Amino acid sequence: KNEVEQSPQNLTAQEGEFITINCSYSVGISALHWLQQHPGGGIVSLFMLSSGKKKHGRLIATINVQEKHSSLHITASHPRDSAVYICAVGFQGAQKLVFGQGTRLTINP
Amino acid sequence: NAGVTQTPKFQVLKTGQSMTLQCAQDMNHEYMSWYRQDPGMGLRLIHYSVGAGITDQGEVPNGYNVSRSTTEDFPLRLLSAAPSQTSVYFCASSLNRGPTVYEQYFGPGTRLTVT
């Protein structure tokens, strides 16, 4: 079965801390996506990757295809980073995404 | 560009009623999809389309119909609403380049309540 697991489900941290959110999947993929859902409900795409590492500002996404694992890192976290972060996977041979349950991140000032 | 637009933003239906959720995009994206989001569960794919005239079922298609007569529009029809269809519905679009689902652009969502 094609599954996507995220951890932790909830994460609370202090402003400035380094944040790591993890995503594991079960079988081979064509691409992995990281998304952010704002408290107001809107969803935006942060990264799409199939190998290696990508960086955008304070956000870094990495993927290890041998271990079937990806991480999203936030450096120098800020209260405006508070959101739900969602991992989604496109499994090989399927033109559709399977989503993890999301990680609710709260950054306190 | 307006991006992906959805109407209505909110809707209340009675059990058994039918309605259409509208989705449109102005980015000339071939791939469009509908998801539902329920508390405690991840986004789940209802139906998707890789181009005009082509649609396919996702993970939870029962009770929903779609059609894709143009590149821009991808409406979702609820045939006979049930309380289990109470959810937030998101439409998304992306480029279509072979077997990979590319960066998704999401609409603002429609919050549907079925009483």
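An account of the accompanying structure is given in this report. This is a predicted model, so every value here is computed, not measured. (Residues numbered from 1 in each chain as written. Chains lettered and ligands numbered in written order. Predicted model: local features only at pLDDT ≥ 70, side-chain atom pairs only at ≥ 80, totals over all residues. Heavy atoms only, no water.)

To continue, consider the nonpolar core. Judged by nonpolar contacts, the single largest core of 23 residues is most densely connected at Leu32, Trp34 and Val89 of chain A. Counting residues per element, the ones that place at least two in this core are β3 (19–25), β4 (29–37), β5 (43–49), β7 (59–64), β8 (69–74), β9 (83–91) and β11 (103–108) of chain A. Sorting elements by how many residues they give to this core places β9 of chain A first, with 5 residues. In terms of nonpolar packing, the next biggest core, distinct from the first, is built from 19 residues, Leu21, Leu76, Tyr89 and Val114 of chain B among them. (Core = buried A, V, L, I, M, F, W, Y, C linked by side-chain atoms within 4.5 Å. Buried < 20%, exposed > 50% of the residue type's maximum accessible area, 1.4 Å probe, protein only. Helix = DSSP H or I, 4+ residues; strand = E, 2+ residues; numbered from the N terminus.)

This part covers the pairing of β3 of chain A. Residue and element names in this part refer to chain A. Alternating residues of β3 divide into Ile19, Ile21, Cys23 and Tyr25, all buried, and Thr20, Asn22 and Ser24, none buried. The sheet contact formed by strand β1 (residues 4–7) and β3 spans 4 bridges and is antiparallel. Paired with serine 7 across the strands is asparagine 22, a residue of β3. (Pairing = 2+ DSSP bridges.)

A few words on the pattern of salt bridges. All names here are of chain B. In total, this model carries 3 salt bridges over all chains according to the counting rule given. Note that aspartate 38 and arginine 36 form a salt bridge whose closest N and O atoms lie 2.9 Å from each other. Arginine 44 is paired through a salt bridge with aspartate 38; the nearest N and O atoms lie 2.7 Å apart. In this pair, the class of arginine 44 matches that of aspartate 38, namely buried. What emerges from the salt-bridge pattern is a single network uniting Arg36, Asp38 and Arg44. (Salt bridge = Lys/Arg side-chain N within 4 Å of Asp/Glu carboxyl O.)

Before going further, it helps to examine the sheet that holds strand β7 (residues 64–66) of chain B. Residue and element names in this part refer to chain B. Judged by pairing direction, the sheet is antiparallel, and its 4 strands sit side by side in the order β1-β3-β8-β7 without closing on themselves. Edge positions in the sheet fall to β1 (4–7) and β7, since each of these pairs with one other strand and no more. On average, adjacent strands in this sheet sit at an angle of 20° to one another, irrespective of strand direction. Across 3 bridges, strand β3 (residues 19–25) lies against strand β8 (residues 76–78) in antiparallel orientation. Along β8, the bridge assignment pairs leucine 21 with leucine 76. (Axes fitted to C-alpha atoms, helices over the stretch in contact; angles between N-to-C directions.)

Inspection of every chain in the model, using the stated rule, returns 2 disulfides over all chains. Paired through a disulfide, cysteine 23 of chain A and cysteine 87 of chain A show a sulfur-sulfur distance of 1.9 Å. Linking cysteine 23 of chain A and cysteine 87 of chain A, the disulfide has an S-S dihedral of approximately -60° and is accordingly described as left-handed. With a gap of 64 residues between them, cysteine 23 of chain A in strand β3 and cysteine 87 of chain A in strand β9 connect regions that are remote in the sequence. There is no split in this pair, since cysteine 23 of chain A and cysteine 87 of chain A are both buried. Bridging cysteine 23 of chain B to cysteine 91 of chain B, the disulfide has an S-S length of 1.8 Å. Of note, the bridge from cysteine 23 of chain B to cysteine 91 of chain B carries an S-S torsion of about -70° and is left-handed in sense. Within this pair, whereas cysteine 23 of chain B is found in strand β3, its partner cysteine 91 of chain B is found in strand β9 (residues 87–94), the two being separated by 68 residues in sequence. Both residues of the pair, cysteine 23 of chain B and cysteine 91 of chain B, count as buried. (Disulfide = S-S within 2.5 Å.)

The next subject is the interface of chain A and chain B. Accessible area lost on assembly of the parts is the figure often given for the size of an interface. Contact residues are listed per partner, giving 17 residues for chain A and 20 residues for chain B. In this assembly, chain A packs against chain B so that about 1,700 Å² is buried in total across both faces, 59% of it on carbon and sulfur atoms. Counting the contacts that link chain A with chain B gives 0 salt bridges. For the pair chain A and chain B, the interface holds 4 residue pairs in polar contact (both at pLDDT 80 or more). Elements that contribute at least two residues to the side of chain A that touches chain B include exactly β4, β5 and β10 (97–99) of chain A. Residue classes in the side of chain A that touches chain B are distributed as 8 nonpolar, 8 polar and 1 charged. (Contact = heavy atoms within 4.5 Å. Buried area = accessible area lost by both parts, 1.4 Å probe. Polar contact = N/O pair within 3.5 Å; in protein donor to acceptor, adjacent residues only side chain to side chain. Nonpolar A, V, L, I, M, F, W, Y, C, P; charged D, E, K, R; others polar.)

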